[in-house]
Amino acid sequence: MTAERPHSDFNVAVVGAGVVGLACATELLARGACVTIHERGPRIGAEACSWYAGGMLAPWCEGESAEEPVIRLGQQAADWWERHAGGVVRNGTLVVAPSRDRSELRRFGERTSHFEEIDGEAISGLEPDLAGRFSRGLFFAGEGHLDPRQAIAALAERLASNGAAIHFGSAVEPADLDADIVLDCRGLAARDILPDLRGVKGEMLLLRSDDISLSRPVRLLHPRIPLYIVPRADGLFMVGATMIESSERRRISARAMLELLGAAYALHPAFAEAEVVEIGTDARPAFPDNLPRLTRHGRVIHVNGLYRHGFLLSPAMARMAAEAVLNPQATPEMLHDLAA
């Protein structure tokens, strides 16, 4: 599909500097638009649920519970993030389960693809610190991960250096902005316009340990609370994450804390001595089908509902949003084909 490239005096306002807002701004700036970003928080990440994300770029693992568009559109994420922010680690994803929960591993494999079944020796080769702890696993070699906080900071820095204006402490109403097109990327705050949005609360921990090293995200399957642990720099590990039907954003429950810590210990006992560096909670915006949507109301385009797939689906949603700005006649089908 061909669309006219906007001139530098074509003004686009983006409301919300979370992961999807910054991704949309990046695509629009690259296509010649003059971009202004309004963020209600005092700094990048202060009011964004993406600050507490795991940063897993794992489209095939997500296929265990997600719909087909998540798998298909998510496959472009790693290349997009490497191109625009850097820092993508492509060491794959390891999925394991205790022997008593071997049926969970089998069920996970039946619902996913693009993996290799591996034994305990292969697990030890991938993650030496897990040697002897698991006899079977699934290895998704084509997946990757990044540090979400570094990634969104890199996007914001590049946007600013390329001429985009970012206004912090700017709690504006999208319809009130004086711009040719406004992208509403406010997440749950957009429920005043998108009433079928709901909150799905996630709780996470940041642990620090020098007694264990991991090279990739590890998912530990459990019938009650599946866990993932994502390694970051300086001995940090992100441990997450719960999925609770709630819009409450600031409180972690005692049960969630116990389950996250217990699951981390089940992966490796060294986590019993880890330092709890940070406890994070927030509510992710989701529509009833748990798939993102791009909708238009006049000159305001809403990009929302990324659920638990913010970093995985923001690149595809940003491309669709940029095309909707460039081509007001674009239909949902045309935008869908573009992102594919």
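Given the structure is predicted, the values throughout are model-derived calculations rather than measurements.

A closer look at helix H1 (residues 19-30)
- End to end, H1 covers 17 Å across 12 residues, agreeing with the expected 16 Å (1.5 Å per residue, within 8%).
- Among the 12 residues of H1, 11 are classified as buried, and the element is accordingly described as predominantly covered.
- Among all positions of H1, only Val19, Val20, Gly21, Leu22, Ala23, Cys24, Ala25, Thr26, Glu27, Leu28 and Leu29 are buried.

Section: unusual backbone geometry
- Positioned with a positive phi, Asp234 is a non-glycine residue whose angle comes to about 60 degrees.
- Checked against the element boundaries, Asp234 lands in the loop between strand E12 (227-231) and strand E13 (236-240).
- Of note, the phi angle at Tyr307 is positive, near 55 degrees, even though the residue is not glycine.
- Note on placement: Tyr307 falls in the loop between strand E17 (300-304) and helix H9 (310-326).

Some points on the packing of helix H4 (residues 77-84) against H9
- Running from N to C, H4 and H9 point in directions that differ by 80 degrees, and their axes come no closer than 9 Å. The angle between the axes of H4 and H9 places the two elements in the roughly perpendicular class. Contacts between H4 and H9 involve Ala77, Trp80 and Trp81 from the first element and Phe311, Leu312 and Pro315 from the second.
- Residues of the contact of H4 with H9, tallied by class, amount to six nonpolar, no polar and no charged.

Some words on the environment of Thr242
- If you trace the backbone, Thr242 turns up in the loop between E13 and strand E14 (244-245).
- Under the relative-accessibility criterion, Thr242 is labelled buried at 8%.
- It is 9.8 Å that separates the C-alpha atoms of Thr242 and Met257, two residues lying 15 residues apart in sequence.

Things to note about the sheet that holds strand E9 (residues 181-184)
- The strand order across the open sheet formed by six strands is E8-E2-E1-E9-E17-E16, and the pairing between neighbours is mixed. If you trace the sheet from one side to the other, it starts and ends with strand E8 (165-168) and strand E16 (293-297), each paired once. With strand direction ignored, the average angle separating the axes of adjacent strands in the sheet is 20 degrees.
- Packed on one face of the sheet, H1 meets strand E1 (11-15), strand E2 (34-39), E9 and E17 and runs near 170 degrees to E2.

Concerning the environment of Leu130
- Position of Leu130 among the secondary structure elements: in the loop between helix H6 (120-126) and strand E6 (136-140).
- Separated by 10 residues in the primary sequence, Leu130 and Gly120 place their C-alpha atoms 9.0 Å from one another.
- Residues contacting Leu130, with those up to four places away along its chain left out, are Leu94, Ile123, Leu214, Val218, Leu267 and His268.

Points about the packing of H1 against H4
- Relative to each other, H1 and H4 sit at 70 degrees, their axes nearing to 12 Å. As judged from the angle between their axes, H1 and H4 are roughly perpendicular. Between H1 and H4 lies a crossing whose hand is left-handed. Within the contact between the two elements, H1 uses Val19, Ala23, Thr26 and Glu27 and H4 uses Trp80, Trp81 and His84.

Focus: the pairing of strand E4 (residues 93-96)
- The side-chain alternation of E4 yields two buried faces, one formed by Thr93 and Val95 and the other by Leu94 and Val96.
- Pairing of E4 with E6, which is carried by four bridges, proceeds in the antiparallel orientation. Opposite Leu94, over in E6, you have Phe139 as the bridge partner.
- One ladder, built from three bridges, connects E4 with strand E11 (residues 218-220); its direction is parallel. The partner of Val96 across the bridge, within E11, is Leu220.

Quick word on the nonpolar core
- Of all hydrophobic cores here, the largest spans 50 residues; its most connected members are Leu22, Leu28, Val35, Trp81, Leu183 and Phe311.
- Here this core takes 11 residues from H9, the largest share from any one element.
- Here Val35 is in contact with Val12, Val14, Ala25, Leu28, Leu29, Ala164 and Ala165, once residues within four sequence places are set aside.
- Val218, Leu220, Leu260 and Ala270 belong to the second largest nonpolar core, which has 28 residues in total.

Here's the deal with the side chain of Glu62
- Residue position: Glu62 is located in helix H2 (residues 59-62).
- Here the side chain of Glu62 touches Arg308 through a polar contact of 3.4 Å, side chain to side chain.
- Contacts of Glu62, omitting those with residues within four sequence positions, involve Val70, Arg219, Arg308, His309 and Leu312.

Quick word on the packing of aromatic side chains
- One pass over the full model with this rule turns up five aromatic pairs.
- Plain terms: the ring middles of Trp81 and Phe311 are 5.2 Å apart, the flat faces sit at 35 degrees to each other, and that makes the pair tilted. Residue Trp81 is found in helix H4, and its partner Phe311 is found in helix H9; the two are separated by 230 residues along the sequence.
- Residues Phe237 and Phe271 carry aromatic rings whose centres are separated by 5.2 Å and whose planes lie at 90 degrees to one another, so their mutual orientation is edge-to-face. One end of the pair, Phe237, is in strand E13; the other, Phe271, is in the loop between helix H8 (254-267) and strand E15 (275-286), and 34 residues separate them in sequence.
- Since its relative accessible area comes to 3%, Phe237 is described here as buried.
- Sitting above the plane of the Phe287 ring, Arg293 keeps its charged end 4.1 Å from the centroid.

Basis of the calculations
Residues numbered from 1 in each chain as written. Predicted model: local features only at pLDDT ≥ 70, side-chain atom pairs only at ≥ 80, totals over all residues. Heavy atoms only, no water. Helix = DSSP H or I, 4+ residues; strand = E, 2+ residues; numbered from the N terminus. Expected span 1.5 Å × (residues − 1). Buried < 20%, exposed > 50% of the residue type's maximum accessible area, 1.4 Å probe, protein only. Axes fitted to C-alpha atoms, helices over the stretch in contact; angles between N-to-C directions. Parallel < 35°, antiparallel > 145°, perpendicular 65-115°, else oblique. Contact = heavy atoms within 4.5 Å. Nonpolar A, V, L, I, M, F, W, Y, C, P; charged D, E, K, R; others polar. Pairing = 2+ DSSP bridges. Left-handed = near helix turned anticlockwise from the far one by under 90°. Core = buried A, V, L, I, M, F, W, Y, C linked by side-chain atoms within 4.5 Å. Polar contact = N/O pair within 3.5 Å; in protein donor to acceptor, adjacent residues only side chain to side chain. Phe/Tyr/Trp six-rings, centres within 6.5 Å; stacked < 30°, edge-to-face > 60°. Lys NZ or Arg CZ within 6 Å of the ring centre and 35° of its normal.

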